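Residues per chain, in single letters:
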Amino acid sequence: NLRTLGLHLRRFKTGTPPRVNRRSIDFSKMEVQPGDETAEPFSFRTTHKVNNSAVCYLTYTNEETHRIIRENLHRSPLFSGQIEGIGPRYCPSIETKIVRFADKSRHQLFVEPMGLETEEYYLQGMSSSLPEDVQLAFLRTIRGLEHVEIMRPAYAIEYDCVDPTELRASLESKKIAGLFGAGQFNGSSGYEEAAAQGLVAGINAALAVQGKPAFVMDRATSYIGTLVDDLVTKGCEDPYRMMTSRSEYRLILRQDNADQRLMPLGHELGLVPEERYQHMLEKYQLVAQEKKRVQKTNLAPSPELNAFLEQHGTSGITTGCKVADLIRRPQLGYDCIAPFDTARPALDPVIGEQVEIQIKYDGYIPKQLEQIERMRKLENKQLPEDLDYTTIRGLRLEAAEKLNAHRPQNLGQASRISGVSPADISVLVVWEASREGNA
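Let me sum up the structure you'll find in this document. (Residues numbered from 1 in each chain as written. Predicted model: local features only at pLDDT ≥ 70, side-chain atom pairs only at ≥ 80, totals over all residues. Heavy atoms only, no water.)

Scanning the entire structure with this criterion turns up two cavities of 30 Å³ or more. Taken as a whole, the largest cavity spans an internal volume of roughly 50 Å³. Lining of the largest cavity is provided by Leu167, Arg168, Ala169, Lys174, Val232, Thr233, His406, Arg407, Pro408, Gln409, Gln413 and Ile417. Across the lining of the largest cavity, the residue classes break down as five nonpolar, four polar and three charged. For the second largest cavity, the calculated volume is near 40 Å³. Broken down by element, the lining of the second largest cavity gets its largest block of residues, three residues, from helix α6 (residues 223-234). In the lining of the second largest cavity, the residues fall into seven nonpolar, one polar and no charged. (1 Å grid on protein atoms, 1.4 Å probe; cavity = no way out; pocket = protein on both sides within 12 Å on 5 of 7 lines; lining within 4 Å. Points joined across faces, edges and corners; volume = space filled by probe spheres on them. Nonpolar A, V, L, I, M, F, W, Y, C, P; charged D, E, K, R; others polar. Helix = DSSP H or I, 4+ residues; strand = E, 2+ residues; numbered from the N terminus.)

Structure below.
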């Protein structure tokens, strides 16, 4: 039906590792992988102390594991040709790893609990499409898994997905009004990627029903914005995973300031309650006040302070020094110098963390904000969806063909299409200016 309606589909593949029974694992033969000593909660609403109550373990495959896999490759649909789709680049099956990295004598395997209330463990790094009897045979060659019991075998699947360049930034199909795509359908891979797109598609489907404008997060707003923009502008030739390195604005896109970046958007959409929104505004008001205070507060030189500075591998002071200048030093931090900053008010630790980040990166964050401002000027220049780019004088033929194929919504999107050069964007800027002048 989707093909009949004009959508261009492609075939991808993915897989999952086996789940095994905790009681059949000998953890004493594995390396313990403890969680962070200070656990950071996922939500800003979490105010109580969070403790890690579970650990992961590390073990390795060996030559015997690899021998069993090699001898049974003909039984793997990934290698026999039964599954032909393009697989994920960053989490290949164990069969692919054994073949592709034949020189490696072992591959690491993370043994992770599926939850606190279950006996199931997840064998990260062990995706496979081999039959269950082969899986059991090679798993039992691994240290700590000699008597392992499989609760759910690993498996691979092949699936249809759309070319994401056929979607708008709202994740609505350009060809079929009211059809929104998310997750694997859009050519991405991964739980978080799917959840992020589901949020965007769900918000925009609701807005469309209400006759309201689409909600679009740009590349500087969030990793969600980067993910969606990469998919709809650049497309993907294999299942897409979101990595921080894909963003040119990752100095701004930090987990510590996600509330400041995204809560105003959620509040405007009606998804964030007023009380929670006000709490966020108060938090950053305190951050601004405290940052101003440490930039103005002077510390006089003293034997105690200089001894402390030298102890931390930095030079002492001979004249008065601003608290902010000490925080800026790589060897020091906001909490570190608290004993000497006697005027400091009692504040929540997250306030101090924000003050320290903003001061230490004071020279870099403004530069990134300038880049973002330039990008947003291009994003605000809308392009007509029905424009024939071959009619624009001065535009190279390759660029015109790429632009006609992709149908970018604005100049910013157009600038990120492969095959469209900065010179082509300059031509479009001039064309846009002349069009506005004629209007």
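With that settled, consider the packing of helix α1 (residues 63-71) against helix α4 (residues 132-139). Working note: a packed helix pair is described by the angle between its axes plus the distance between those axes. Their axes nearest at 9 Å, the elements α1 and α4 cross at an angle of 165 degrees. By the angle between their directions, the pair α1 and α4 is classed as roughly antiparallel. Judged by the sense of rotation from one axis to the other, the crossing of α1 with α4 is right-handed. For the pair α1 and α4, contact is made by Thr65, Ile68 and Ile69 and by Val134, Ala137 and Phe138, respectively. Its residues assigned to classes, the contact of α1 with α4 shows five nonpolar, one polar and no charged. (Axes fitted to C-alpha atoms, helices over the stretch in contact; angles between N-to-C directions. Parallel < 35°, antiparallel > 145°, perpendicular 65-115°, else oblique. Left-handed = near helix turned anticlockwise from the far one by under 90°. Contact = heavy atoms within 4.5 Å.)

If you look at the biggest cluster of nonpolar residues, it comprises 25 residues, and the most contacted ones within it are Leu171, Val200, Ile224, Leu227, Val228 and Tyr240. Of all the elements in the fold, those that place two or more residues in this core are β1 (9-16), β8 (155-162), α5 (191-209) and α6. When sequence neighbours within four positions are dropped, the list of residues in contact with Val228 reads Ala169, Leu171 and Val200. (Core = buried A, V, L, I, M, F, W, Y, C linked by side-chain atoms within 4.5 Å. Buried < 20%, exposed > 50% of the residue type's maximum accessible area, 1.4 Å probe, protein only.)

What follows is about the packing of helix α7 (residues 258-269) against helix α8 (residues 274-296). Where α7 meets α8, the closest approach of the two axes is 10 Å, and the angle between their N-to-C directions is 150 degrees. When the axes of α7 and α8 are compared, the pair comes out roughly antiparallel. In this structure, α7 meets α8 at a crossing whose hand is left-handed. Touching Asp259, Gln260, Met263, Pro264 and His267 of α7 are Glu274, Arg276, Tyr277, Met280, Lys283 and Tyr284, all from α8. Partitioning the contact of α7 with α8 into residue classes produces five nonpolar, two polar and four charged.

So, about the layout of surface pockets. The calculated volume of the second largest pocket comes to roughly 1100 Å³. Along the wall of the second largest pocket there are 39 residues; nearest its centre are Thr14, Gly15, Pro88, Cys91 and Ser127. Counting only elements with at least two residues in the lining of the second largest pocket, the list comes to β1, α2 (77-80), α3 (94-100), β5 (108-113), β6 (120-124), β8 and α5. In terms of residue count, the dominant contributor to the lining of the second largest pocket is β1 (four residues).

A separate point is the environment of Phe79. Looking at the element boundaries, Phe79 is found in helix α2. Residues Phe79 and Glu95, 16 residues apart in the sequence, show an inter-C-alpha distance of 8.4 Å. Each residue touching Phe79, except ones within four places of it in the same chain, is listed here: Leu73, Glu95, Thr96 and Val99.

What follows covers the pattern of salt bridges. Counted according to the given criterion, the structure contains 32 salt bridges. Between Asp256 and Arg254 there is a salt bridge, with the nearest N and O atoms lying 2.9 Å from each other. Just as Asp256 is buried, Arg254 falls in that class too. A salt bridge links Asp259 to Lys283, with the nearest nitrogen and oxygen atoms 2.8 Å apart. A residue pair is termed long-range when its members are at least 10 positions apart, and Asp259 in helix α7 and Lys283 in helix α8 qualify at 24 residues. Each member of the pair Asp259 and Lys283 is classed as buried. Among the charged side chains, a salt-bridge network with shared partners connects Arg219, Asp229, Asp230, Lys234, Glu248, Glu379 and Arg416. (Salt bridge = Lys/Arg side-chain N within 4 Å of Asp/Glu carboxyl O.)

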